[in-house]
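Tertiary structure, described
One letter stands for each residue in the lines below.
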Amino acid sequence: MNLHEYQGKELLKQFGVKVQEGIVAETVEQAVEAWKTLNARTGKEGVVVKAQVHAGGRGKGGGVKFAPNLESLKERAAQILGMTLVTPQTGPQGKFVSKIFIGEDAYYEGSSETKEFYMSVLLDRQKECNAIVYSAEGGMDIEEVAEHTPEKIFKEWVDPMVGLQPFQARRIAFNLGLSGQAFKEMVDFVQRLYKAYESSDSSMFEINPVLKTSDDKIIAVDAKVGLDENALFRHKDLEAQRDLLEEDPIEVEAAAAELNYVKLDGNVGCMVNGAGLAMATMDIIKLSGGEPANFLDVGGTANAERVEKAFRIIMKDPHVKAILINIFGGIVRCDRVAGGVIDAYRNIGNIEIPIIVRLQGTNAEIAKQMIDEAGLKVQSAIQLSEAAALVQQAVAK
């Protein structure tokens, strides 16, 4: 589950992390009121207007603009609100902007220069521990920095037994070239950021940029936060901040039906029981010349109701040319699954998409006979090789 920038900043503030202050708005009128509030607080007319969508690269798509005064703010807010923002992370379809963040100008003049850094906290699965990834090249695409100047990216791994140690926070500040008050501020920033990450059961924090202000404060100008959905039962307050408009509507519908569904870009729909079998099924589809259109695990109770719901969800994808149902009957008997497929097919009505059903396990032979004798436009298989050949024929048409 992802948070918007303004939500991520509120989470960071709970742990004492300094952030760029601001107010979220959904209309131009609300943006004007936000400007007045910030102007009264800081005495400055300039603010930053930022689109609130779950994607990076907003600035490149025109979703982040500086407004030097109130009239400019009205113009910028009207431009961004309601736009379809296209960035490298949204894909060509883009994302509709319904909220904007009016942020105070953090790049004020002072006794020294401002400096931007990159910092993220995430799980390093290979090393089986959390890692803090950071660079002095903040404000840029970290992928570009990693590709062209990998020596400018540093990593600090955190031993899960002892947690982040003070010397590690100091090493990070040193590697970023800081000294004096800015060094102390960065040490404190790193420790508080890691505490926020760990305490919220997050899967990723990305702050780009982390800003050293001209008076040597360290603040988070951006906040990209991903939460571990498996731990949301411990964080009902964060779960309540979920923005379903930012998520794929089919995935939202599937989650409401307690189906594990992830939309992909292929042409063969998958309906499987068990995550491991689902991964193997997607491999079979690719080997057969197709591309999986989704990951869909109906779980151990593949009854008629769940199968019908899964059918309807898969068929909402216009790119699907065939559907492969691959069920292993261990806990659930194959004949029961076959009955569910038959009932679901008849409830939905005429389905033009080719359907291949491969059932293996308890009562697989009976299940195949049931489907073959049902008079449906469904092709059945028992061996995986049979199912793969049928998929190949379907996508070749």
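Located above this text is the structure these notes cover.
Below: a short report on this structure. (Residues numbered from 1 in each chain as written. Predicted model: local features only at pLDDT ≥ 70, side-chain atom pairs only at ≥ 80, totals over all residues. Heavy atoms only, no water.)

A few words now on the overall build of the protein chain. Across its full length, the protein chain holds 13 helices and 19 strands. Looking at the protein chain as a whole, 49% of its 397 residues qualify as buried. If you take every contact in the protein chain between residues at least 6 apart in sequence, the share linking residues at least 24 apart comes to 66%. Of the roughly 19,000 Å² of accessible surface on the protein chain, 51% is carried by carbon and sulfur atoms. (Helix = DSSP H or I, 4+ residues; strand = E, 2+ residues; numbered from the N terminus. Buried < 20%, exposed > 50% of the residue type's maximum accessible area, 1.4 Å probe, protein only. Contact = heavy atoms within 4.5 Å. Areas by Shrake-Rupley, 256 points an atom, 1.4 Å probe, with all protein chains shown as cover.)

Attention shifts here to unusual backbone geometry. Residue asparagine 208 is joined to proline 209 through a cis peptide bond whose omega torsion reads 10°. Here proline 209 is to be found in strand β11 (residues 202–212). Although it is not a glycine, glutamate 258 sits at a positive phi angle of roughly 60°. Relative to the helices and strands, glutamate 258 is located in the loop between α8 (249–256) and β14 (260–263). Exposure remark for glutamate 258: the relative accessible area of 62% places this residue in the exposed category.

Evaluated as defined, the whole model comprises 28 salt bridges. A salt bridge links arginine 58 to aspartate 222, with the nearest nitrogen and oxygen atoms 3.1 Å apart. One end of the pair, arginine 58, is in the loop between β3 (47–51) and β4 (64–67); the other, aspartate 222, is in the loop between β12 (218–220) and β13 (224–227), and 164 residues separate them in sequence. Under the relative-accessibility criterion, arginine 58 is labelled buried at 8%. Using a relative accessible area of 15% as the deciding quantity, one classes aspartate 222 as buried. Among the salt bridges present, the one from glutamate 308 reaches arginine 312, with a minimum N-O distance of 3.1 Å. Remark: arginine 312 and glutamate 308 occur in helix α10 (residues 304–314); sequence separation between them is four residues, near one turn of the helix. Residue class for arginine 312 comes out partly exposed when judged on its relative accessible area of 36%. Within this structure, Glu5, Lys9, Lys50, Arg58 and Asp222 form a network of salt bridges that share partners. (Salt bridge = Lys/Arg side-chain N within 4 Å of Asp/Glu carboxyl O.)

In this section: the nonpolar core. Core analysis: the biggest nonpolar cluster contains 37 residues, and Leu12, Met119, Ile132, Met186, Phe189 and Phe205 have the highest contact counts within it. Elements supplying a minimum of two residues to this core: α1 (5–14), β8 (115–124), β9 (129–135), α5 (166–175), α6 (180–199), β11, β12 and β13. With nine residues, the top contributor of residues to this core is α6. One finds Ala293, Phe311, Ile342 and Leu359 within the second-largest nonpolar core, a separate group that totals 36 residues. (Core = buried A, V, L, I, M, F, W, Y, C linked by side-chain atoms within 4.5 Å.)

We now examine the environment of serine 199. Turning to its location among the elements, serine 199 is positioned in helix α6. Among all residues touching serine 199, those that are not within four sequence positions of it are Phe15 and His235. A polar side-chain atom of serine 199 sits 2.9 Å from the main-chain carbonyl oxygen of lysine 195. (Polar contact = N/O pair within 3.5 Å; in protein donor to acceptor, adjacent residues only side chain to side chain.)

Further remarks concern helix α2 (residues 28–42). Here α2 spans 21 Å end to end across 15 residues, near enough to the 21 Å set by a 1.5 Å rise per residue. Those residues of α2 that fall on the buried side of the exposure criterion are Ala31, Val32, Ala34, Trp35 and Leu38. Taken around the axis of α2, the buried residues stretch over an arc of 160°, which confines them to a single face. Looking at α2, the residues exposed on the side facing more than 90 degrees away from the buried face are Glu29 and Ala40. (Expected span 1.5 Å × (residues − 1). Arc of directions from axis to C-beta.)

In short, shape yes, function no, at least from these values alone.
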